[in-house]
Amino acid sequence: MKHKGTQKIETERLILRPFRVTDAEQMFLNWASDSEVTKYLTWSPHGNADFTRKLLEDWIKQYENDSYYQWCIELNENSQAIGSIGVVKILDYIEAVSIGYCIGKKYWGKGIMTEALGAVIKFLFEEVEVNRIHAAHDTNNPASGRVMSKCGMKYEGTLIQAACNQQGICDVAIYGLIKRDYL
(Lines give C-alpha, C1' and ligand atoms only; values in the text may rest on other atoms or scores of the structure.)
Protein backbone atom coordinates (compact mmCIF):
# COMPACT_ATOMS: atom_id res chain seq x y z
CA MET A 1 0.00 0.00 0.00
CA LYS A 2 1.04 3.57 -0.61
CA HIS A 3 -0.37 5.49 2.34
CA LYS A 4 -1.28 9.06 1.49
CA GLY A 5 -3.32 10.16 4.48
CA THR A 6 -6.66 11.93 4.42
CA GLN A 7 -6.78 13.74 1.09
CA LYS A 8 -9.57 16.02 -0.05
CA ILE A 9 -12.02 14.17 -2.33
CA GLU A 10 -14.77 15.91 -4.29
CA THR A 11 -17.92 14.33 -5.71
CA GLU A 12 -20.99 15.80 -7.37
CA ARG A 13 -22.62 16.81 -4.08
CA LEU A 14 -19.87 16.38 -1.50
CA ILE A 15 -16.47 17.43 -0.31
CA LEU A 16 -14.71 14.80 1.77
CA ARG A 17 -11.94 16.53 3.69
CA PRO A 18 -9.97 16.44 6.91
CA PHE A 19 -11.88 17.67 9.93
CA ARG A 20 -11.23 21.11 11.43
CA VAL A 21 -11.82 22.13 15.04
CA THR A 22 -14.42 24.57 13.72
CA ASP A 23 -16.53 21.55 12.63
CA ALA A 24 -17.28 20.69 16.26
CA GLU A 25 -20.60 22.53 16.52
CA GLN A 26 -21.99 21.12 13.25
CA MET A 27 -20.71 17.64 14.08
CA PHE A 28 -22.35 17.78 17.48
CA LEU A 29 -25.66 19.12 16.17
CA ASN A 30 -25.90 17.14 12.92
CA TRP A 31 -24.95 13.67 14.12
CA ALA A 32 -22.68 13.15 17.14
CA SER A 33 -25.35 14.01 19.75
CA ASP A 34 -28.14 11.99 18.13
CA SER A 35 -28.92 8.65 19.80
CA GLU A 36 -30.65 7.43 16.63
CA VAL A 37 -27.46 7.99 14.62
CA THR A 38 -25.27 6.26 17.21
CA LYS A 39 -27.75 3.45 17.92
CA TYR A 40 -25.71 0.86 15.98
CA LEU A 41 -22.29 2.42 16.58
CA THR A 42 -19.66 1.60 19.18
CA TRP A 43 -19.62 5.09 20.69
CA SER A 44 -22.24 6.93 22.74
CA PRO A 45 -23.85 10.22 21.72
CA HIS A 46 -21.75 13.20 22.70
CA GLY A 47 -23.05 15.11 25.71
CA ASN A 48 -21.88 18.52 24.54
CA ALA A 49 -20.02 20.29 21.76
CA ASP A 50 -16.93 20.69 23.96
CA PHE A 51 -16.53 16.90 24.04
CA THR A 52 -16.85 16.89 20.24
CA ARG A 53 -14.26 19.67 19.96
CA LYS A 54 -11.75 17.71 22.10
CA LEU A 55 -12.31 14.61 19.98
CA LEU A 56 -11.66 16.60 16.82
CA GLU A 57 -8.47 18.01 18.32
CA ASP A 58 -7.26 14.42 18.84
CA TRP A 59 -8.24 13.41 15.30
CA ILE A 60 -6.54 16.46 13.80
CA LYS A 61 -3.24 15.55 15.50
CA GLN A 62 -3.41 12.15 13.78
CA TYR A 63 -3.55 13.72 10.31
CA GLU A 64 0.25 13.94 10.53
CA ASN A 65 0.27 10.16 10.10
CA ASP A 66 0.04 9.18 6.42
CA SER A 67 -1.85 6.00 7.34
CA TYR A 68 -4.68 7.91 9.05
CA TYR A 69 -7.90 8.30 7.08
CA GLN A 70 -10.81 10.22 8.63
CA TRP A 71 -12.98 12.43 6.43
CA CYS A 72 -15.61 15.02 7.23
CA ILE A 73 -18.52 14.69 4.82
CA GLU A 74 -19.46 18.21 3.77
CA LEU A 75 -22.33 19.21 1.48
CA ASN A 76 -21.19 21.30 -1.49
CA GLU A 77 -24.39 23.35 -1.55
CA ASN A 78 -24.05 24.85 1.93
CA SER A 79 -20.66 23.78 3.36
CA GLN A 80 -22.51 21.92 6.13
CA ALA A 81 -20.59 19.10 7.92
CA ILE A 82 -23.11 16.24 7.90
CA GLY A 83 -21.18 13.06 8.69
CA SER A 84 -17.92 11.19 8.83
CA ILE A 85 -16.29 8.29 7.04
CA GLY A 86 -12.93 6.73 7.73
CA VAL A 87 -10.67 3.75 7.85
CA VAL A 88 -11.16 2.13 11.24
CA LYS A 89 -8.63 -0.66 10.81
CA ILE A 90 -5.61 -1.25 8.58
CA LEU A 91 -4.11 -4.66 7.95
CA ASP A 92 -0.90 -3.76 6.09
CA TYR A 93 0.27 -7.36 5.80
CA ILE A 94 -2.68 -8.21 3.52
CA GLU A 95 -3.15 -4.69 2.14
CA ALA A 96 -6.65 -4.44 3.58
CA VAL A 97 -8.70 -1.78 5.32
CA SER A 98 -11.98 -1.67 7.16
CA ILE A 99 -14.28 1.33 6.74
CA GLY A 100 -16.76 2.88 9.15
CA TYR A 101 -19.18 5.75 8.61
CA CYS A 102 -22.11 7.70 9.99
CA ILE A 103 -24.26 10.56 8.80
CA GLY A 104 -26.88 12.85 10.31
CA LYS A 105 -30.43 11.49 10.33
CA LYS A 106 -31.67 14.43 8.23
CA TYR A 107 -29.51 13.09 5.37
CA TRP A 108 -30.54 9.43 5.50
CA GLY A 109 -32.07 7.88 2.38
CA LYS A 110 -30.69 10.48 -0.05
CA GLY A 111 -27.78 8.47 -1.47
CA ILE A 112 -25.26 10.72 0.24
CA MET A 113 -23.47 7.97 2.17
CA THR A 114 -23.39 5.80 -0.95
CA GLU A 115 -21.75 8.69 -2.80
CA ALA A 116 -19.22 9.20 0.01
CA LEU A 117 -18.39 5.51 0.39
CA GLY A 118 -18.01 5.11 -3.37
CA ALA A 119 -15.53 8.00 -3.46
CA VAL A 120 -13.52 6.60 -0.56
CA ILE A 121 -13.44 3.14 -2.15
CA LYS A 122 -12.14 4.68 -5.39
CA PHE A 123 -9.46 6.64 -3.51
CA LEU A 124 -8.33 3.62 -1.50
CA PHE A 125 -8.08 1.31 -4.50
CA GLU A 126 -6.65 3.79 -6.99
CA GLU A 127 -4.46 6.04 -4.83
CA VAL A 128 -3.55 4.03 -1.73
CA GLU A 129 -3.50 0.77 -3.72
CA VAL A 130 -5.22 -1.38 -1.12
CA ASN A 131 -6.14 -4.89 -2.19
CA ARG A 132 -9.21 -5.38 0.01
CA ILE A 133 -11.83 -3.13 1.57
CA HIS A 134 -14.38 -4.43 4.03
CA ALA A 135 -17.05 -3.08 6.31
CA ALA A 136 -19.52 -4.50 8.80
CA HIS A 137 -22.93 -3.55 10.12
CA ASP A 138 -25.25 -4.69 12.86
CA THR A 139 -27.78 -7.01 11.20
CA ASN A 140 -30.52 -4.87 12.75
CA ASN A 141 -29.33 -1.97 10.56
CA PRO A 142 -29.85 -3.29 7.01
CA ALA A 143 -29.75 0.23 5.51
CA SER A 144 -25.99 0.25 6.11
CA GLY A 145 -25.66 -3.01 4.19
CA ARG A 146 -27.58 -1.51 1.27
CA VAL A 147 -25.04 1.34 1.14
CA MET A 148 -22.20 -1.19 0.98
CA SER A 149 -23.96 -3.25 -1.67
CA LYS A 150 -24.70 -0.21 -3.85
CA CYS A 151 -20.96 0.54 -3.79
CA GLY A 152 -20.13 -2.89 -5.19
CA MET A 153 -19.25 -4.57 -1.90
CA LYS A 154 -20.34 -8.20 -1.68
CA TYR A 155 -22.02 -9.80 1.31
CA GLU A 156 -19.54 -12.32 2.72
CA GLY A 157 -21.39 -13.64 5.75
CA THR A 158 -22.67 -12.92 9.22
CA LEU A 159 -20.64 -13.26 12.38
CA ILE A 160 -22.84 -14.25 15.31
CA GLN A 161 -22.51 -12.16 18.49
CA ALA A 162 -19.19 -10.85 17.20
CA ALA A 163 -19.47 -7.16 18.05
CA CYS A 164 -20.87 -4.73 20.57
CA ASN A 165 -22.59 -1.40 20.03
CA GLN A 166 -25.07 0.86 21.82
CA GLN A 167 -27.62 -1.99 21.65
CA GLY A 168 -25.28 -4.53 23.30
CA ILE A 169 -23.73 -7.63 21.79
CA CYS A 170 -24.81 -8.04 18.18
CA ASP A 171 -24.47 -10.07 15.02
CA VAL A 172 -22.59 -8.34 12.21
CA ALA A 173 -22.90 -8.73 8.46
CA ILE A 174 -19.58 -8.46 6.64
CA TYR A 175 -19.23 -6.95 3.17
CA GLY A 176 -16.02 -6.86 1.16
CA LEU A 177 -14.54 -5.87 -2.16
CA ILE A 178 -11.17 -6.78 -3.60
CA LYS A 179 -9.23 -4.77 -6.13
CA ARG A 180 -9.59 -7.24 -9.03
CA ASP A 181 -13.39 -7.16 -8.67
CA TYR A 182 -13.36 -3.36 -8.38
CA LEU A 183 -11.44 -2.99 -11.63
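This structure is a prediction, so every number in the text was calculated from the model and none was measured. (Residues numbered from 1 in each chain as written. Predicted model: local features only at pLDDT ≥ 70, side-chain atom pairs only at ≥ 80, totals over all residues. Heavy atoms only, no water.)

1. Things to note about the overall build of the protein
Scanning the protein from terminus to terminus reveals five helices and eight strands. Overall, the protein shows an N-to-C arrangement of helices and strands of β-β-α-α-β-β-β-α-β-α-β-β-α. Taking 2.2 N^0.38 as the reference for a compact globule, 183 residues should give roughly 16 Å; the C-alpha atoms of the protein span a radius of gyration of 16 Å, in line with that estimate. Oriented by its inertia axes, the alpha-carbon framework of the protein measures out at about 40 × 35 × 30 Å. Taking all 183 residues of the protein together, the buried fraction comes to 46%. Look at the contacts in the protein between residues 6 or more apart in sequence, and 64% of them connect residues 24 or more apart. Entry remark: accessible area of the protein is about 9400 Å², with carbon and sulfur atoms responsible for 48%. One way to put it: in the protein the 21 positive side-chain charges average out to a point 3 Å from where the 23 negative ones average out. (Helix = DSSP H or I, 4+ residues; strand = E, 2+ residues; numbered from the N terminus. Rg over C-alpha atoms; globule rule 2.2 N^0.38 Å. Buried < 20%, exposed > 50% of the residue type's maximum accessible area, 1.4 Å probe, protein only. Contact = heavy atoms within 4.5 Å. Areas by Shrake-Rupley, 256 points an atom, 1.4 Å probe, with all protein chains shown as cover. Lys, Arg positive; Asp, Glu negative; His and termini not counted. Charge placed at Lys NZ, Arg CZ, Asp CG, Glu CD.)

2. Considering the environment of Glu-64
On the secondary structure map, Glu-64 appears in the loop between α2 (49–62) and β3 (70–75). Residues Glu-64 and Glu-127, spaced 63 residues apart in sequence, show a C-alpha to C-alpha distance of 18 Å.

3. A word on the pattern of salt bridges
Counting across every chain of the model gives 14 salt bridges. The salt bridge involving Lys-2 is made with Glu-129; its shortest N-O contact spans 3.3 Å. Residue Lys-2 is found in the segment before β1 (9–10), and its partner Glu-129 is found in the loop between α3 (112–128) and β6 (132–138); the two are separated by 127 residues along the sequence. Among the residues examined, Lys-2 registers a relative accessible area of 49% and is labelled partly exposed. Judged by relative accessible area, which is 32%, Glu-129 ranks as partly exposed. The salt bridge involving Asp-23 is made with Arg-17; its shortest N-O contact spans 2.7 Å. You can call Asp-23 buried: its relative accessible area is 4%. (Salt bridge = Lys/Arg side-chain N within 4 Å of Asp/Glu carboxyl O.)

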